[in-house]
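# What the coordinates show
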Amino acid sequence: MLISSSSIAVCMIVSVADSLGHSTDSPIAVSVARCYLNCDDIDRGVQTPDDYLKSAKLPAPELIT
């Protein structure tokens, strides 16, 4: 699978935010998933909300479909 440079950029931004200790909230998880889906990285686009829901954070109704 070919990964676009935009998908790599989104992954880098998320990893930098994680390394700085910034937590992901539900609007950010939705935006990251949307970016991955727009970059045709379907696997990561689906995995992002799943990872957020599996974390110990509050459930987000906008991520449950």
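Below is a short write-up of the structure.

The rules we used
Residues numbered from 1 in each chain as written. Predicted model: local features only at pLDDT ≥ 70, side-chain atom pairs only at ≥ 80, totals over all residues. Heavy atoms only, no water. Axes fitted to C-alpha atoms, helices over the stretch in contact; angles between N-to-C directions. Helix = DSSP H or I, 4+ residues; strand = E, 2+ residues; numbered from the N terminus. Parallel < 35°, antiparallel > 145°, perpendicular 65-115°, else oblique. Left-handed = near helix turned anticlockwise from the far one by under 90°. Contact = heavy atoms within 4.5 Å. Nonpolar A, V, L, I, M, F, W, Y, C, P; charged D, E, K, R; others polar. Expected span 1.5 Å × (residues − 1). Buried < 20%, exposed > 50% of the residue type's maximum accessible area, 1.4 Å probe, protein only. Patch = residues over 30% accessible without salt bridge, like charges linked within 9 Å, V, L, I, M, F, W, Y side chains within 5 Å. Areas by Shrake-Rupley, 256 points an atom, 1.4 Å probe, with all protein chains shown as cover. Salt bridge = Lys/Arg side-chain N within 4 Å of Asp/Glu carboxyl O. Disulfide = S-S within 2.5 Å.

## Remarks on the packing of helix α1 (residues 5-19) against helix α2 (residues 26-38)
Viewed as axis vectors pointing N to C, α1 and α2 meet at an angle of 160 degrees, and their least axial separation amounts to 9 Å. Between α1 and α2, the angle is such that the two are roughly antiparallel. α2 is crossed by α1, and the crossing has left-handed handedness. Packed against α1, whose contacting residues are Ser7, Val10, Cys11 and Val14, the element α2 presents Val32, Cys35 and Tyr36 at the interface. Residue composition of the contact of α1 with α2, by class: 6 nonpolar, 1 polar and no charged.

## Here's the deal with α1
Side chains three or four residues apart in an α-helix point the same way, a direct result of the helix having 3.6 residues per turn. Taking 1.5 Å per residue, 15 residues should reach 21 Å; α1 reaches 21 Å between its end C-alpha atoms and fits that length. Phi turns positive, to about 90 degrees, at Gly21, one or two residues after α1.

## A word on helix α3 (residues 42-54)
A rise of 1.5 Å per residue sets the reference length of α3, with its 13 residues, at 18 Å; its end C-alpha atoms lie 19 Å apart and thus fit the reference within 8%. For α3, every residue scored as buried is listed here: Gly45, Thr48, Pro49 and Tyr52.

## Examining a nonpolar patch on the surface
Taken together, Leu37, Ile42 and Val46 make up a surface patch of nonpolar side chains, about 250 Å² in accessible area. Taking the relative accessible area as the measure of exposure, Val46 reaches 47% and is therefore partly exposed.

## A few points about the state of the cysteines
This structure, assessed with the given rule, holds 0 disulfides. Cys39 provides the cysteine sulfur closest to Cys35, a residue in no disulfide bond, and the two sulfurs are 6.6 Å apart. On the accessibility criterion, Cys35 (35% relative accessible area) is partly exposed. Relative accessible area serves as the criterion here: at 19%, Cys39 is assigned to the buried category.

## Brief notes about the environment of Arg44
Within the secondary structure layout, Arg44 lies in helix α3. Separated by 33 residues in the primary sequence, Arg44 and Cys11 place their C-alpha atoms 9.5 Å from one another. Setting aside anything within four residues of it in sequence, one finds Arg44 in contact with Ser7, Cys11 and Tyr36.

## Digging into the packing of α2 against α3
Between α2 and α3, the least distance of the axes is 7 Å, while the angle of their chain directions is 165 degrees. Here α2 is positioned roughly antiparallel relative to α3, judged by the angle of their axes. Here the hand of the crossing between α2 and α3 comes out left-handed. Contact with α2, carried on its side by Ser26, Ala29, Val32, Ala33, Tyr36 and Leu37, involves Ile42, Arg44, Gly45, Thr48, Pro49 and Tyr52 of α3 and no other residues of that element.

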